[in-house]
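Inside the fold
Below, each chain spelled out in residue letters.
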Amino acid sequence: MTPLARLFALPIRAYRAILSPWVGFNCRYQPTCSAYALEALEKHGALKGGWLAVSRIARCNPWGGCGYDPVPETDESREEDRPR
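Residues numbered from 1 in each chain as written. Predicted model: local features only at pLDDT ≥ 70, side-chain atom pairs only at ≥ 80, totals over all residues. Heavy atoms only, no water.

1. Details of the overall build of the chain
If you tally the helices and strands in the chain, you get 3 helices and 2 strands. Secondary structure of the chain in N-to-C order comes out as α-β-α-β-α. Overall, the chain is about 50 × 30 × 15 Å in size when its C-alpha atoms are taken along their principal axes. For the chain, with 84 residues in total, the buried portion stands at 30%. A sequence separation of at least 24 residues applies to 72% of the contacts in the chain between residues at least 6 apart. If the 11 positive side-chain charges of the chain are averaged to one point and the 9 negative ones to another, these points end up 7 Å apart. (Helix = DSSP H or I, 4+ residues; strand = E, 2+ residues; numbered from the N terminus. Buried < 20%, exposed > 50% of the residue type's maximum accessible area, 1.4 Å probe, protein only. Contact = heavy atoms within 4.5 Å. Lys, Arg positive; Asp, Glu negative; His and termini not counted. Charge placed at Lys NZ, Arg CZ, Asp CG, Glu CD.)

So this is what it looks like as structure tokens:
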């Protein structure tokens, strides 16, 4: 994880440690929005991972969707899976 991505992950980790137990575990998606954000930052870095996290949190509302929504794979991992 890049240093900037680690910096972006700090508030998410603080939320998970401090606020999440008080608010409850009510996420509409699996994995939870905070777990999704941490994984997106780890896989994609600060900019793209941050954008993925913000767009996911924006979708997590009463009129949004629900269900299984994994972090997209990186371009490099897609190329490795492609037959030659």
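2. Some words on the nonpolar core
Grouped together as the largest cluster of nonpolar side chains are 8 residues: Ala5, Ala9, Ile12, Ala37, Leu38, Leu41, Ala46 and Ala53. Secondary-structure elements contributing two or more residues to this core are helix H1 (3-23) and helix H2 (33-59). Once you skip the residues sitting within four places of it in the chain, leucine 41 turns out to touch Met1, Ala5, Phe8, Ala9, Ile12, Ala46, Gly49 and Gly50. (Core = buried A, V, L, I, M, F, W, Y, C linked by side-chain atoms within 4.5 Å.)

3. Points about H1
Relative to the 30 Å expected for 21 residues at 1.5 Å per residue, H1 spans 29 Å between its end C-alpha atoms, a close match to the ideal helical length. Along H1, the residues classified as buried are Ala5, Ala9, Ile12 and Ser20. Structurally, H1 contributes buried residues whose contacts are with H2. Just beyond H1, the residue with positive phi is glycine 24, at close to 105°. (Expected span 1.5 Å × (residues − 1).)

4. Quick look at the state of the cysteines
Summed over the entire model, instances satisfying the criterion amount to 0 disulfides. Just so you know, cysteine 60 is unpaired, no disulfide at all, and the nearest cysteine sulfur is the one on cysteine 33, 3.7 Å from it. Judged by relative accessible area, cysteine 60 falls into the partly exposed class, the value being 25%. (Disulfide = S-S within 2.5 Å.)

5. Structural notes on unusual backbone geometry
The omega torsion of the bond from glutamine 30 to proline 31 falls at 0°, within 30 degrees of zero and hence cis. Position of proline 31 among the secondary structure elements: in the loop between strand E1 (29-30) and H2.

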